[in-house]
Amino acid sequence: MTVLLELENIHKSYKQRVLCGLNYKFNNNGLYAIYGISGSGKSTLLNIMAGFELPDSGKLHCRFGKLEYVMQEHMLLTNVSVRENLYIKLNLTSYSTNEYDDIIKKICISLSIDNLIDEKVSVLSGGEKQRVSLARALLNVPEVILLDEPTASIDQGIKEDLLKILENISKDKLIIITTHDPLVKDYADTMLSLEGGRLSE
Ligand SMILES: Nc1ncnc2c1ncn2[C@@H]1O[C@H](COP(=O)(O)OP(=O)(O)OP(=O)(O)O)[C@@H](O)[C@H]1O
């Protein structure tokens, strides 16, 4: 086990104090869930870990090459197909174009969305869009994936399928999700609670 991501005394305030001295070490694999009520600072913490926001003080130690962030808003192009959304991501990688369709097929099979590859994103359900977003993230072969509330607004059965997929991926990647869904406890290796600006196991 090695530490891939470390929070050292992270503080962040807006008008009010949100994160008050967070310290934590995330290992190189495992499914970590950050549990907290609405407004507790979960998205703020993910934004800081993704480098989208800076902490007011403290340090983030990153010992990995690539990180992907699957935000609550799926950020997919809705008017084109799943395949075209994935092409856009592949264009940013070092794969050659003649490999694209095989790679897409393989990743979509692993996420059980291979039947949706040529569907327009606008006709997909919330859970399906969530998996397409995850497929897009995986194409980049990251060592770390952050997901903000991946189980929000999807049905119970679909939620469990998604959590099983995340559990599986986390065998060789660091996966950090935020949630206020108690079901996540059954799948996460580590539950972290964010309360009163502090993070604890
Ligand atoms: N850019 C910002 N400017 C000002 N205040 C902000 C900003 N981002 C977050 N906040 C405030 O910081 C607090 C924590 O917000 P955050 O979105 O991190 O919470 P959360 O736990 O992710 O909530 P939710 O579960 O509802 O998504 C909230 O009071 C929010 O209003």
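Structure first, text after, so check above.
All values reported here derive from a predicted model rather than from experimental measurement.

A. Region of interest: helix α3 (residues 100-110). Looking only at α3, the buried set comprises Tyr100, Ile103, Ile104, Ile107 and Cys108. Burial along α3 is one-sided: seen end-on, the buried residues are contained in an arc of 125°. Exposed side chains of α3 directed beyond 90 degrees from the buried face belong to Asp102 and Lys106. Residues of α3 that are buried make contact with α2 (82-90) and α4 (126-139). Backbone geometry just downstream of α3 places Ser112 in the positive-phi region, at approximately 55°.

B. Broad picture of the site of the ligand. Around the ligand, 13 residues are found, and the nearest of them are Gln16, Ser38, Lys42, Ser43 and Thr44. Note that an oxygen atom of the ligand is positioned 2.8 Å from one of the side-chain N or O atoms of Lys42. One of the side-chain N or O atoms of Glu149 is found 3.3 Å from an oxygen atom in the ligand. For the ligand, the protein covers 60% of the area, taking 630 Å² as the surface of the free molecule. Here the shell around the ligand takes three residues from helix α1 (residues 42-49), the largest share from any one element. Of the residues belonging to the shell around the ligand, the class tally is three nonpolar, eight polar and two charged.

C. Fine view of the pattern of salt bridges. Counting across every chain of the model gives eight salt bridges. Taking the shortest distance from any N to any O, the salt bridge between Arg83 and Asp101 comes out at 2.8 Å. Of this pair, Arg83 sits in helix α2 while Asp101 sits in helix α3, and the two are 18 residues apart along the sequence. Owing to a relative accessible area of 37%, Asp101 belongs among the partly exposed residues under this scheme.

D. Quick peek at the sheet that holds strand β2 (residues 17-27). An order of β2-β1-β4 is seen for the three strands of this open sheet, with the pairing classed as antiparallel. Looking at the sheet topology across the chains shown, the edges are occupied by β2 and β4 (57-62). In this sheet, neighbouring strand axes are inclined to one another by 10° on average, regardless of whether the strands run parallel or antiparallel. Here strand β1 (residues 3-13) pairs with β4 via five bridges, running antiparallel. Across the sheet, residue Leu7 finds its bridge partner in β4, namely Leu60.

E. Spotlight on the layout of surface pockets. The computed volume of the largest pocket comes to approximately 320 Å³. Every residue lining the largest pocket is counted, 18 residues in all, and those nearest its centre are Glu68, Tyr69, Met75, Lys89 and Arg136. For the lining of the largest pocket, the elements supplying multiple residues, two or more each, are β5 (67-70), α2 and α4. The greatest single-element share of the lining of the largest pocket, amounting to four residues, is contributed by β5. Residue classes in the lining of the largest pocket are distributed as 11 nonpolar, three polar and four charged. Tyr95, Asp102, Ile103, Lys106, Ile107, Ser110, Leu138, Leu139, Val141 and Lys173 together form the lining of the second largest pocket. Mapped onto the lining of the second largest pocket, the elements with two or more residues apiece are α3 and α4.

F. Structural view of the side chain of Thr44. Along the chain, Thr44 falls in helix α1. Take Thr44: its relative accessible area is 10%, and that puts it in the buried class.

G. Geometry of the nonpolar core. With 38 residues, the main nonpolar core has Leu86, Leu111, Leu134, Leu147, Leu166, Ile175 and Ile177 as its most contacted residues. With sequence-adjacent residues up to four places away left out, Leu86 is seen in contact with Ile104, Cys108, Val132, Ala135, Arg136 and Leu139. Listed in part, the 25 residues of the second largest apolar core include Leu4, Leu5, Leu19 and Phe64.

H. Seen up close, helix α5 (residues 156-169). Spanning 14 residues, α5 covers 20 Å between terminal C-alpha atoms, matching the ideal 20 Å at 1.5 Å per step. Of all the residues in α5, the buried ones are Lys159, Leu162, Leu163, Ile165, Leu166 and Ile169. The buried side chains of α5 occupy one side of the element, clustering within an arc of 160° when seen end-on. Structurally, α5 contributes buried residues whose contacts are with β3 (30-35), α4, β6 (144-147) and β7 (174-179).

Cut-offs and rules
Residues numbered from 1 in each chain as written. Predicted model: local features only at pLDDT ≥ 70, side-chain atom pairs only at ≥ 80, totals over all residues. Heavy atoms only, no water. Buried < 20%, exposed > 50% of the residue type's maximum accessible area, 1.4 Å probe, protein only. Helix = DSSP H or I, 4+ residues; strand = E, 2+ residues; numbered from the N terminus. Arc of directions from axis to C-beta. Contact = heavy atoms within 4.5 Å. Near = heavy atom within 4 Å. Polar contact = N/O pair within 3.5 Å; in protein donor to acceptor, adjacent residues only side chain to side chain. Areas by Shrake-Rupley, 256 points an atom, 1.4 Å probe, with all protein chains shown as cover. Nonpolar A, V, L, I, M, F, W, Y, C, P; charged D, E, K, R; others polar. Salt bridge = Lys/Arg side-chain N within 4 Å of Asp/Glu carboxyl O. Pairing = 2+ DSSP bridges. Axes fitted to C-alpha atoms, helices over the stretch in contact; angles between N-to-C directions. 1 Å grid on protein atoms, 1.4 Å probe; cavity = no way out; pocket = protein on both sides within 12 Å on 5 of 7 lines; lining within 4 Å. Points joined across faces, edges and corners; volume = space filled by probe spheres on them. Core = buried A, V, L, I, M, F, W, Y, C linked by side-chain atoms within 4.5 Å. Expected span 1.5 Å × (residues − 1).

These values are about where atoms sit, not about what they do.
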